[in-house]
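# Chains, contacts and geometry: an overview
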There are 2 protein chains.
Amino acid sequence: MSKKFQVVGIGNSIVDVLAHCEDAFLTDNGIDKGIMQLIDTARASELYGKMGPAMEISGGSAANTIAGLAAMGASTAYVGKVKADQLGDIFAHDIQAQGAVYEVPRAPADATDETGRCMVLVTPDAERSMNTYLGVSEHLGPEDIDTGMMADADWIYLEGYRFDGEESHAAFAKAIKACKDAGGKVSLTLSDPFCVERHRGAFRAMIRDNVDLLFCNEHEMAAMYEMPTLTACLNAAASEVDIVACTIGENGAMIIRDGKTEHAPATQATVVDVTGAGDMFAAGFLHGLVNGKDTLTCGRMGCVAAGEIISHIGARPEADLKELFRAEGL
Amino acid sequence: MSKKFQVVGIGNSIVDVLAHCEDAFLTDNGIDKGIMQLIDTARASELYGKMGPAMEISGGSAANTIAGLAAMGASTAYVGKVKADQLGDIFAHDIQAQGAVYEVPRAPADATDETGRCMVLVTPDAERSMNTYLGVSEHLGPEDIDTGMMADADWIYLEGYRFDGEESHAAFAKAIKACKDAGGKVSLTLSDPFCVERHRGAFRAMIRDNVDLLFCNEHEMAAMYEMPTLTACLNAAASEVDIVACTIGENGAMIIRDGKTEHAPATQATVVDVTGAGDMFAAGFLHGLVNGKDTLTCGRMGCVAAGEIISHIGARPEADLKELFRAEGL
């Protein structure tokens, strides 16, 4: 009997606050380009006060992936924490309106922390530099994991970023056990090289013991396996998991399974904002997988979805992804 | 001695909640296409629950105009009410970050009404249909008008929409008096044909007695003067004010001054979302005016600015408007 959910994602619930800026703004404000930095409320307030007019679009890495999957027609659910505030309303509305189940209780209106947000600064080269105030998102704990939901998932999708927080380690462990005990499979995204630095040991153990499908990029692979070449890192990862899906920027993605390496080329796109490229690659890849496609097709679907997201501002899909897959014969 | 502000705008402080939809969604939900409807909290909640994933961008008609003027380099201030809530933070940040002075005290966090928002539904033909929950924006009253600021303005810019509310009539009267007593001039936008229907008498009196520059479109002119042709309506308006600037959709704008009619052609643009076209026309026109340009040049600047805003989603400028003016030799 088929399960209720094809993919259940767990991650940080974030509303992106996106603004364009020049490179000088990054250097003047000590922002490292192209990566995600965690910031506290004081820094969030300082940066927001300095940055230009912005727009708000729901984000969060795993949430973007789940929204993408829902837009592709997959049956999905999302697990992550927001507060009962206006940004929490926005986050919940957007993921539910996309078709994903999202039922995690909100932190009450009198909680100290607010709904998380990420100030995303997009430079003229379309690179994004992220400054994340996690807020209540950080407090996702095992009590937020519905084991019935995890057991009813073909795949769970874990966001590496959410590993910043002890309660979340326990939450991940609870989700993995419930999913695996019921015959489900586990995918993980490494999220970010600095995130990997912070959690290398814990990630390694999780990958070795529980992960079936690993999403990553070149920088994350280098941080994780600390080997001189991408090939060496990928081979090390492939010895521990069934499938490694590694994005390689404008060159597309490498997929390693059963000792075989495949290459999915990137689609042509006018790059406006790379925010969410990795998230949407994972969405396309998982969509292929839960529909029984071969791994190369999965990789191509990932690249098509990533190509859509980088062609506009924001990390949630705007075009009809199903139509884009059809146009590519996928 | 030159004044501190070239233009001070007064209007509804709104955060736009923008989503794409098919025409069927409008008919299924009783939304009249292309206009602005005021809605209460229950209707706002119902509609939001039904609409698709959205993005949030600061809006408000006069606020868009002031943001546009600030982006063009004008010295501006904005007057309108938000609450001390997250959407209020967003609204205040965006207009201040654009360079406008915005100092109106916020309604306290325990106020019943929230910061106003407008659910903007963009159909495939790029038309926008607006559903506005005014929230605290409705309660702008004379106590919010800083007469010193009004006296220090070359122009004040009044948003017709804000005429929905008795306190605001008094606020407008107070602002007009302070501005005119100090030798300033008054511009008004009619905002919307249904807004004109609601306030025809009061608008007529204000136009006749106090308005120097009237912004409008064809539909608003017809609603205001109830004459069979646009020409007749424009002539009626021109007999009461110094300058009439009337947008005529994809054909650009007509400007009538001293019995002379001029035509400013629309600029070529791929139309993505018409939200804010009229607001940005007013910004470009006023920018020309405060810089001593002739009215035809003012109209052309308005059309260039409108062309920028309809080429992307949202009603706040993204491109460098000063550069666009230069490119057109303006």
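Every value quoted in this text rests on a predicted model; they were computed, and no experiment measured them.

Rules used in this analysis
Residues numbered from 1 in each chain as written. Chains lettered and ligands numbered in written order. Predicted model: local features only at pLDDT ≥ 70, side-chain atom pairs only at ≥ 80, totals over all residues. Helix = DSSP H or I, 4+ residues; strand = E, 2+ residues; numbered from the N terminus. Rg over C-alpha atoms; globule rule 2.2 N^0.38 Å. Buried ≥ 20, exposed ≤ 12 C-beta atoms within 10 Å, placed from the backbone. Contact = placed C-beta atoms within 7 Å. Nonpolar A, V, L, I, M, F, W, Y, C, P; charged D, E, K, R; others polar. Pairing = 2+ DSSP bridges. pLDDT = per-residue confidence, 0-100. Axes fitted to C-alpha atoms, helices over the stretch in contact; angles between N-to-C directions. Left-handed = near helix turned anticlockwise from the far one by under 90°. Expected span 1.5 Å × (residues − 1). Parallel < 35°, antiparallel > 145°, perpendicular 65-115°, else oblique. Core = buried A, V, L, I, M, F, W, Y, C linked by C-beta atoms within 7 Å. Bend = angle between axes of the 7 residues up to and from the residue. Least-squares fit on C-alpha atoms with pLDDT ≥ 70 in both.

### Re the overall build of chain A
A count of helical and extended segments in chain A gives 12 helices and 13 strands. On C-alpha atoms alone, chain A measures out to a radius of gyration of 18 Å, which is about the 20 Å that the 2.2 N^0.38 rule sets for 330 residues. Burial statistics for chain A: of 330 residues in total, 56% are counted as buried. A separation threshold of at least 6 residues defines the contact pool for chain A, and within that pool the share at least 24 residues apart is 77%.

### Overview of the interface of chain B and chain A
Chain B puts 19 residues into the contact, and the matching count from chain A is 19 residues. The dominant element in the side of chain B that touches chain A, judged by the number of residues it contributes, is helix α4 (residues 86-97) of chain B, at 6 residues. When the residues that make up the side of chain B that touches chain A are grouped by side-chain class, the tally is 9 nonpolar, 6 polar and 4 charged. Pairing of strand β4 (residues 55-58) of chain A with strand β4 (residues 55-58) of chain B involves 3 bridges; the strand directions are antiparallel. Residue M55 of chain A lies in a different strand from β4 of chain B, and its bridge partner there is I57 of chain B.

### Some details on the confidence of the model for chain A
Any region with low pLDDT has predicted coordinates that should not be read closely. For chain A, mean pLDDT is 95; residues scoring 70 or higher make up 100% of the total. In the model output, the complex is listed with pTM 0.95 alongside ipTM 0.93.

### Let's talk about the packing of helix α10 (residues 277-290) of chain B against helix α11 (residues 295-309) of chain B
Residues and elements named next belong to chain B. α11 packs onto α10 with a crossing angle of 145 degrees between their chain directions and a minimal axis gap of 7 Å. In this structure, the crossing between α10 and α11 has a hand that is right-handed. Residue-level inspection shows A277, M280, F281, A282, A283, G284, F285, H287, G288 and L289 of α10 in contact with α11, the latter providing T297, C298, G299, M301, G302, C303, V304, A305, A306, E308 and I309. Tallied by class, the residues present in the contact of α10 with α11 amount to 14 nonpolar, 6 polar and 1 charged.

### Comments concerning the environment of Y133 of chain A
Residues and elements named next belong to chain A. Along the chain, Y133 turns up in strand β7 (residues 128-133). Classification of Y133 as buried rests on a count of 25 C-beta atoms within 10 Å. Measuring from C-alpha to C-alpha, the distance between Y133 and E226 comes to 29 Å, with 93 residues separating the pair along the chain. Ignoring anything within four residues of it in the chain, the contact list for Y133 reads I39, T41, A44, G116 and R117.

### Concerning helix α11 (residues 295-309) of chain A
Under the 1.5 Å per step criterion, the end-to-end length of α11 of chain A is 21 Å for 15 residues, consistent within 8% with the ideal 21 Å. Of all 15 residues making up α11 of chain A, 14 are buried, and the element is well covered by its neighbours.

### A look at the packing of helix α3 (residues 61-72) of chain A against helix α10 (residues 277-290) of chain A
Any two packed helices are characterised by the angle at which their axes cross and by the distance between the axes. Residue and element names in this part refer to chain A. Interaxial distance between α3 and α10 falls to 8 Å at its minimum, and their mutual angle equals 45 degrees. Classified by the angle between their axes, α3 and α10 sit oblique to one another. Classified by chirality, the crossing of α10 by α3 is right-handed. For the pair α3 and α10, contact is made by S61, N64, T65, G68, L69 and M72 and by D279, M280, A282, A283, L286 and H287, respectively.

### Thoughts on the nonpolar core
Grouped together as the largest cluster of nonpolar side chains are 224 residues, with contacts concentrated most on V7 and I156 of chain A together with V7 and I156 of chain B. In contact with V7 of chain B, other than residues within four places in its own chain, are I66, L69, A74, T76, A153, D154, W155, Y157, L286 and V290 of chain B.

### Section: the sheet that holds strand β9 (residues 185-189) of chain B
Residue and element names in this part refer to chain B. Strand order in the open sheet formed by 8 strands is β5-β1-β8-β9-β10-β11-β12-β13, and the pairing between neighbours is mixed. What marks the edges here is a single partner per strand, and that holds for β5 (76-79) and β13 (260-264). Each neighbouring strand pair of the sheet contributes to a mean axis angle of 15 degrees, computed without reference to strand direction. Two strands pair when backbone bridges link them, and strand β1 (residues 5-10) and strand β8 (residues 153-159) are joined in this way by 5 bridges, in the parallel orientation.

### Let's talk about unusual backbone geometry
Residue and element names in this part refer to chain A. Despite not being glycine, S191 has its phi angle at roughly 75 degrees, a positive value. Secondary-structure assignment places S191 in the loop between β9 (185-189) and α7 (193-210). On the basis of neighbour counts, which here come to 28 C-beta atoms within 10 Å, the residue S191 falls in the buried class.

### Overview of helix α7 (residues 193-210) of chain B
Each α-helix turn comprises 3.6 residues. Residues three or four places apart therefore point the same way. Residue and element names in this part refer to chain B. Spanning 18 residues, α7 covers only 21 Å between terminal C-alpha atoms, well under the ideal 26 Å at 1.5 Å per step. Roughly 85 degrees is the biggest bend found in α7, and it falls at H199. Burial in α7 covers these residues: P193, C195, V196, H199, F203, M206 and I207. Check the buried side of α7 and you find it contacts β9, β10 (213-217) and α8 (218-225).

### Quick notes on the sheet that holds β4 of chain A
Strand order in this open sheet of 10 strands is β3(A)-β7(A)-β6(A)-β2(A)-β4(A)-β4(B)-β2(B)-β6(B)-β7(B)-β3(B), and the pairing throughout is mixed. Two strands in the sheet have a free side with no partner beyond their single neighbour: β3 (36-38) of chain A together with β3 (36-38) of chain B. In this sheet, adjacent strand axes meet at a mean angle of 25 degrees when their direction is disregarded. Pairing between strand β2 (residues 14-20) of chain A and β4 of chain A: 4 bridges, direction antiparallel.

### Re the relation of the copies chain B and chain A
You can overlay chain B on chain A at an RMSD of 0.0 Å; the transform is a turn of 180 degrees with a shift of 0.0 Å along its axis. In symmetry terms, the pair is related by a two-fold rotation axis. Minimal C-alpha distance to the rotation axis in chain B is attained by E56 of chain B, lying at 2.4 Å. In this assembly the copies share their binding face: 100% of the residues contributing to the interface of chain B also contribute to that of chain A.

### Looking at the pairing of β5 of chain B
Residues and elements named next belong to chain B. Side chains T76 and Y78 project from β5 onto one buried face, and the interleaved A77 and V79 project onto a second face that is buried too. Two strands pair when backbone bridges link them, and β1 and β5 are joined in this way by 4 bridges, in the parallel orientation. Its bridge partner lying in β5, G9 is registered against Y78.

### Here's the deal with the environment of I207 of chain A
All names here are of chain A. Looking at where I207 falls in the secondary structure, it is placed in helix α7. Taking the C-alpha atoms as reference points, I207 and E240, 33 residues apart in sequence, are found 6.8 Å from one another. Look past the residues within four positions of I207 in its chain and what remains in contact with it is L188, L214, E240 and V241.

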